[in-house]
Amino acid sequence: MDCLFCKIIAGDIPSAKVYEDDKVYAFRDINPMAPVHVLIVPKCHLASADEVSADNSAYVARIFEVIPEIAKAEGLANGYRVITNCGEHGCQSVKHLHFHLLGGKQLSEEMD
Ligand code: 5GP
Ligand code: ZN
């Protein structure tokens, strides 16, 4: 499949790995928007949050289980933000579900 993040998970495209287990891969965003900007993705191909269902939600649950571990390892004791962009209005550019973990500075109050 011609999917950038599937290729990164497979190791066909290099990435700066932050965390990995059987369901989840996390790596540093190539264009960081904050001192810490990690992308956390399921190892199964889901195009976006719109494809999450009871059949695959264990992947999303695992992502949210590991977010506190990654945040702690990255030193985000003062807090952080988790974002997923979905579809055209959400400005999603890579069509493999991913969660942005942003922190390491005071983030903006604006959500859009
Ligand atoms: P989106 O806009 O889809 O929510 O986020 C996609 C993110 O993937 C962007 O923040 C972008 O910087 C990041 N990105 C795009 N291509 C690559 C890549 O080849 N490697 C890494 N590490 N990040 C990428
Ligand atoms: Zn994919």
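Residues numbered from 1 in each chain as written. Chains lettered and ligands numbered in written order. Predicted model: local features only at pLDDT ≥ 70, side-chain atom pairs only at ≥ 80, totals over all residues. Heavy atoms only, no water.

Enquirer: Please clarify how the sheet that holds strand β3 (residues 36–42) should be interpreted in this entry.
Expert: Within a sheet, each strand pairs with its neighbour through backbone hydrogen bonds, oriented either parallel or antiparallel. Read across the sheet, five strands follow the order β1-β2-β3-β5-β4 without closing on themselves; strand pairing throughout is antiparallel. Pairing within the sheet leaves two strands with one partner each, and these edge strands are β1 (17–20) and β4 (80–83). Ignoring which end each strand starts from, the neighbouring axes of this sheet average 20 degrees apart. In this structure, β3 lies alongside strand β5 (residues 99–103), joined through five bridges in antiparallel fashion. Opposite H37, over in β5, you have L102 as the bridge partner. Along the sheet, helix α2 (residues 57–73) makes contact with β1, β2 (24–28), β3, β4 and β5, crossing β3 at roughly 155 degrees. (Pairing = 2+ DSSP bridges. Helix = DSSP H or I, 4+ residues; strand = E, 2+ residues; numbered from the N terminus. Axes fitted to C-alpha atoms, helices over the stretch in contact; angles between N-to-C directions. Contact = heavy atoms within 4.5 Å.)

Enquirer: Help me understand the site of ligand 1 in this model?
Expert: R28, D29, N85, S93 and H100 are the nearest of the 16 residues found near ligand 1. The backbone of C91 places a nitrogen or oxygen atom 3.4 Å from an oxygen atom of ligand 1. Computed on the free molecule, ligand 1 has an accessible area of 530 Å², of which 82% lies beneath the protein chains in the complex. Of all the elements in the fold, those that place two or more residues in the shell around ligand 1 are α1 (4–10) and β2. Ranked by residue count, the leading element in the shell around ligand 1 is α1, at three residues. Class assignment for the residues of the shell around ligand 1 results in eight nonpolar, six polar and two charged. (Near = heavy atom within 4 Å. Polar contact = N/O pair within 3.5 Å; in protein donor to acceptor, adjacent residues only side chain to side chain. Areas by Shrake-Rupley, 256 points an atom, 1.4 Å probe, with all protein chains shown as cover. Nonpolar A, V, L, I, M, F, W, Y, C, P; charged D, E, K, R; others polar.)

Enquirer: Can you walk me through the coordination of the zinc ion (ligand 2) in this structure?
Expert: By definition of the ideal shapes, four donors in a tetrahedron about a metal sit 109.5 degrees apart, and six donors in an octahedron sit 90 or 180 degrees apart. Only C3 (SG), C6 (SG), H45 (ND1) and H96 (ND1) from the protein reach the zinc ion (ligand 2) as donors, at distances of 2.0 to 2.3 Å. Here the zinc ion (ligand 2) binds four donor atoms, and the angle range of 105 to 115 degrees at the metal identifies the geometry as tetrahedral. Written as a sequence motif, the donor residues of the zinc ion (ligand 2) are C-x2-C-x38-H-x50-H. Of this pair, C6 sits in helix α1 while H96 is found in the loop between β4 and β5, placing the two residues 90 residues apart along the sequence. C6 sits in the partly exposed class, given a relative accessible area of 22%. (Donors = N, O, S within 2.8 Å, 3.2 Å for Na, K, Ca; no water. Tetrahedral: all angles 85-135°; square planar, octahedral: opposite > 155°, others 65-115°. Buried < 20%, exposed > 50% of the residue type's maximum accessible area, 1.4 Å probe, protein only.)

Enquirer: So what exactly am I meant to see when it comes to α2 here?
Expert: Structurally, the α-helix is built with 3.6 residues per turn, so residues lying three or four positions apart point the same way. The end-to-end C-alpha separation of α2 is 25 Å, in line with the 24 Å expected for 17 residues at 1.5 Å each. By the largest-angle criterion, V66 marks the main kink of α2, which is about 30 degrees, and a proline, P68, follows within four residues. Every buried residue of α2 is listed here: V60, I63, V66, I67, I70 and A71. Its buried side turned inward, α2 meets β1, β2, β3, β4 and β5. Within two residues after α2, G75 carries a phi angle of roughly 80 degrees, on the positive side. (Expected span 1.5 Å × (residues − 1). Bend = angle between axes of the 7 residues up to and from the residue.)

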